[in-house]
Amino acid sequence: MLKKQCITVAVLTFAFPAVLWMGCEFGVNPLLFDGSPLRSTFTASTPGNLYADSAAVSLRNALSGVNKQVDSITVYNITLLIDNLKNGTQSSATLTGLGGIDGDTLVMLTNVPLSTFAVERSIFDPALRSLPSGGACSAYAAGVSYLNGLLKYPDALPTSVKLKVGGISSQNGLYCDVTLTLYTQVFVKSNQ
Amino acid sequence: MLWSAFTLIPLSSSFSQNPFETAIKQLSSDNVRGYLQPFVDGFGANMNSGLYHTAEIGDLGFHLQIQVVAMGTIIGDAEKVYDAMPPSPFPQTPVQTATVFGGVGSTASGPAGLSYHFQNGQVRTAVMPSAIPQMTIGDVAGTQAVVRYMPIPQFDQFPKSEIFGIGVRHSISRYLPNVPVDLAAGLFYERLAIGDLIAATAMNFGAHVSRSFSMITLYGGLQYESATMSLNYTYTGPGSTPGTTVSLDLESENRFRLITGLNLNLFVLNLNADISIGKVTAVSAGLGFGL
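As the structure is a computational prediction, the values presented were derived from the model and not from experiment.

A.B. asks: Whenever I open this one, the overall build of chain A confuses me. Can you help?
C.D. replies: For chain A, the count of helices and strands is two helices and eleven strands. Across chain A, helices and strands are ordered from the amino to the carboxyl terminus as α-β-β-β-β-β-β-β-β-β-α-β-β. Residues counted as buried form 47% of the 192 residues belonging to chain A. A fraction of 80% describes how many contacts in chain A between residues 6 or more apart in sequence connect residues 24 or more apart. Only carbon and sulfur atoms are counted for the fraction: they give 55% of the accessible area of chain A, which is about 9,000 Å².

A.B. asks: Honestly, the layout of surface pockets in this entry has me stumped. Any pointers?
C.D. replies: Picture a little ball the size of a water molecule; that probe, rolled over the atoms, points out where space is still empty. Residues and elements named next belong to chain B. Considering only enclosed or pocket space, the second largest pocket measures out at about 440 Å³ in volume. If you trace the second largest pocket, you find 27 residues lining it, with His53, Thr54, Glu56, His63 and Asn265 closest to the centre. Taken together, the elements giving at least two residues each to the lining of the second largest pocket come down to strand 1 (60-74), strand 7 (127-140), strand 8 (143-152) and strand 14 (256-266). At four residues, the largest contribution of residues to the lining of the second largest pocket is made by strand 1. The class makeup of the residues in the lining of the second largest pocket is eight nonpolar, 16 polar and three charged.

A.B. asks: Help me understand the packing of aromatic side chains, please; the structure alone is not making it clear to me.
C.D. replies: Here a ring pair, both rings aromatic, is described through the centre-centre distance and the interplanar angle of the planes. The final tally for this structure, using the stated rule, is nine aromatic pairs over all chains. Seen from their ring centres, Phe90(B) and Tyr116(B) are 5.9 Å apart, and the 55° between their planes marks the pair as tilted. With a gap of 26 residues between them, Phe90(B) in the loop between strand 2 (81-84) and strand 3 (95-98) and Tyr116(B) in strand 5 (residues 115-117) connect regions that are remote in the sequence. Comparing Phe90(B) with Tyr116(B), the two get one shared label, buried. Considering the side-chain rings of Tyr149(B) and Phe164(B), the 6.4 Å spacing of their centres and the 70° angle between planes classify their relative orientation as edge-to-face. One end of the pair, Tyr149(B), is in strand 8; the other, Phe164(B), is in strand 9 (residues 161-171), and 15 residues separate them in sequence. With a relative accessible area of 25%, Phe164(B) lands in the partly exposed category. Joined through ring pairs, the aromatic side chains of Tyr76(A), Tyr183(A), Phe90(B), Tyr116(B) and Phe118(B) make up one cluster.

A.B. asks: Explain the side chain of Ser230(B) to me, please; I cannot follow it from the model alone.
C.D. replies: Residue and element names in this part refer to chain B. Relative to the helices and strands, Ser230 is located in strand 12 (residues 216-234). Since its relative accessible area comes to 19%, Ser230 is described here as buried. Within polar-contact distance, the side chain of Ser230 engages the side chain of Asp249 at 2.6 Å. Those residues in contact with Ser230 that sit more than four places away from it in its chain are Leu197, Ile198, Ala199, Leu248 and Asp249.

A.B. asks: Mind showing me how you'd approach helix 2 (residues 141-151) of chain A here?
C.D. replies: At 3.6 residues per turn, the α-helix brings residues three or four places apart onto the same side. All names here are of chain A. Burial in helix 2 covers these residues: Gly143, Val144, Leu147, Asn148, Leu150 and Leu151. Looking down the long axis of helix 2, one finds its buried residues gathered within 155° of arc, a one-sided arrangement. Close packing links the buried residues of helix 2 with strand 5 (70-83), strand 6 (94-101), strand 7 (104-113), strand 10 (161-169) and strand 11 (174-188).

A.B. asks: Could you clarify how one ought to interpret the confidence of the model for chain B in this entry?
C.D. replies: Close inspection of predicted coordinates is inappropriate for parts of the model with low pLDDT. All names here are of chain B. Averaged over all residues, the pLDDT of chain B equals 85, while 85% of them reach at least 70. The low-confidence segment residues 1-17, where pLDDT is below 50, has 66 contacts with residues more than four positions distant or belonging to other chains. For this predicted complex, the interface confidence reaches an ipTM of 0.82, while the overall pTM sits at 0.79.

A.B. asks: Looking at this structure, I do not really get the sheet that holds strand 10 of chain A. What am I missing?
C.D. replies: Through backbone hydrogen bonds, the strands of a sheet pair up, either in parallel or in antiparallel fashion. Residue and element names in this part refer to chain A. An order of 4-10-6-7-9 is seen for the five strands of this open sheet, with the pairing classed as antiparallel. The open sheet is flanked by strand 4 (50-57) and strand 9 (136-139), the only strands paired with a single partner. Averaged over all adjacent pairs, the angle separating strand axes in this sheet is 10°, with direction ignored. Pairing between strand 6 and strand 7: seven bridges, direction antiparallel. Looking at strand 7, one finds that Gly99 is bridged to Val107. With respect to the sheet, helix 2 is in contact with strand 6, strand 7, strand 9 and strand 10, its orientation differing from that of strand 7 by roughly 145°.

A.B. asks: Sorry, what's going on with a nonpolar patch on the surface here?
C.D. replies: Residues and elements named next belong to chain B. Together, Ile166, Val168, Leu187, Tyr189, Met203, Phe205, Leu222, Tyr224, Phe256 and Leu258 give the surface a local cluster of nonpolar side chains, amounting to about 910 Å² of exposed area. When contributions to the nonpolar patch are tallied by element, the ones reaching two or more residues are strand 9, strand 10 (182-194), strand 11 (198-213), strand 12 and strand 14. With respect to the element layout, Leu187 can be found in strand 10.

A.B. asks: How should I be thinking about the pattern of salt bridges in this particular structure?
C.D. replies: Proximity of charged atoms lets side chains of opposite charge pair with each other. All names here are of chain A. Overall, the coordinates contain nine salt bridges over all chains when judged by the stated rule. When the shortest N-O distance is used, the salt bridge between Arg121 and Asp125 registers 3.1 Å. Look at Arg121 and you get partly exposed, because its relative accessible area is 21%. What makes Asp125 partly exposed here is its relative accessible area of 22%.

A.B. asks: What is the right way to look at the confidence of the model for chain A in this model?
C.D. replies: On average, chain A scores 83 in pLDDT, and the residues at 70 or more come to 85%. Element-level mean pLDDT values for chain A span from 54 in helix 1 (residues 2-20) of chain A up to 93 in strand 8 (residues 121-122) of chain A.

A.B. asks: Sorry, what's going on with the nonpolar core here?
C.D. replies: Soluble, globular proteins show a tendency: their nonpolar side chains are buried together. Judged by nonpolar contacts, the single largest core of 85 residues is most densely connected at Ile78(A) and Leu231(B). Sort the elements by how many residues they give to this core and strand 11 of chain A lands first, with eight residues. Leu51(B), Tyr52(B), Val146(B) and Phe188(B) belong to the second-largest nonpolar core, a separate cluster that totals six residues.

A.B. asks: Teacher, can you tell me more about the side chain of Thr74(A) here?
C.D. replies: The residue Thr74(A) is located in strand 5 in this model. Look past the residues within four positions of Thr74(A) in its chain and what remains in contact with it is Asn148(A), Leu151(A), Tyr183(A), Thr184(A), Gln185(A) and Phe187(A).

Each value, and the rule that gives it
- Residues numbered from 1 in each chain as written.
- Chains lettered and ligands numbered in written order.
- Predicted model: local features only at pLDDT ≥ 70, side-chain atom pairs only at ≥ 80, totals over all residues.
- Heavy atoms only, no water.
- Helix = DSSP H or I, 4+ residues; strand = E, 2+ residues; numbered from the N terminus.
- Buried < 20%, exposed > 50% of the residue type's maximum accessible area, 1.4 Å probe, protein only.
- Contact = heavy atoms within 4.5 Å.
- Areas by Shrake-Rupley, 256 points an atom, 1.4 Å probe, with all protein chains shown as cover.
- 1 Å grid on protein atoms, 1.4 Å probe; cavity = no way out; pocket = protein on both sides within 12 Å on 5 of 7 lines; lining within 4 Å.
- Points joined across faces, edges and corners; volume = space filled by probe spheres on them.
- Nonpolar A, V, L, I, M, F, W, Y, C, P; charged D, E, K, R; others polar.
- Phe/Tyr/Trp six-rings, centres within 6.5 Å; stacked < 30°, edge-to-face > 60°.
- Polar contact = N/O pair within 3.5 Å; in protein donor to acceptor, adjacent residues only side chain to side chain.
- Arc of directions from axis to C-beta.
- pLDDT = per-residue confidence, 0-100.
- Pairing = 2+ DSSP bridges.
- Axes fitted to C-alpha atoms, helices over the stretch in contact; angles between N-to-C directions.
- Patch = residues over 30% accessible without salt bridge, like charges linked within 9 Å, V, L, I, M, F, W, Y side chains within 5 Å.
- Salt bridge = Lys/Arg side-chain N within 4 Å of Asp/Glu carboxyl O.
- Core = buried A, V, L, I, M, F, W, Y, C linked by side-chain atoms within 4.5 Å.

Encoded structure:
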């Protein structure tokens, strides 16, 4: 009798939830994922004060680790890091230049000390618009718009895009690493 | 309770990480608290429901009842939204967005045309249900024990899980025989573990009252309760460095609850249903066999 009761309870315990969850909907909206950061590091190594470089970056790398059908991707942050200063490059040296993607500018620096980006920092930080040193860093909406336009259709992503950096330093001899990182959100297709 | 969590861990091709866990891991500790709070409140309310259906406890006698108890927490509009903070470089002002039970997440606008979209709600339901087997055994010196236990071995994408609960109820009526209603007090503790991501505990103590009319018993109670859900995961969201570990304790906001219900005693078969009102409203129903 007790065994029968236990079996009955066990069956009901597993049957009940199925009944209880009827009328509930799961996965009703697409899940959002953070895309893998798209990072490109440029090594400046020039005895002069002029520097320019470019690198191809695959936007598809943002989908690394996402194994669901992707609806769209958007950029929500871009950061800059200038570190690994060596061979006498001073952190107080200033840089005037730009970072861009294909033909569009993402960020413009005017007399910005290298120390401003000694730690990874968003180029959209409002405090960068007017620095204590008198310099300024401006992020360009056109560049962001161009990037989001490319990412809007993941199935038609170009093989790669060209990230470029370049500028003039206030001191001769510029030896450092410049890292530009794109942070994205990945929208997967709904189950509904 | 296991089933409540199970339904939020959908099948995926990877056992070690499923989409729900991935979504959670991208929320900062503050935002995951808000996103999951209604789930934690419902979880806690369910864990602390359905533990009794009468305050009558004999002084000495054989009492054994095996039940399956179903509970559900009502998901209202308040459980569908919370105030979240967008990440830098977005303006640091709270944005009302969807919880796990809500709709589409809100979008925060930032400089230079940037936008950040908060996580979307994933579950559309009017009730967050659970079910658990339960055994009540007694009566010795006006005392009963209540036990809940359900292990689920690892299968497919669902990790190894276990729920265990134990409680004790003691008759107060044996000290107040002239009171026309049955009185009892109870203390309960439960714990739940699902894989490596979720661990939860709940406890409550309270006063129970009941009055029987032939086969029907009206019962109720007032209890103080608490529930804590611990999340342990590696944060992969904005600004993260590899391997950043988040250990988060989410506390249910339920504290006091008033319970009222009805029990139908058909000798070896027992049916009961009750509703409890606190920070959230929960209902439970039980089907039991035994004496």
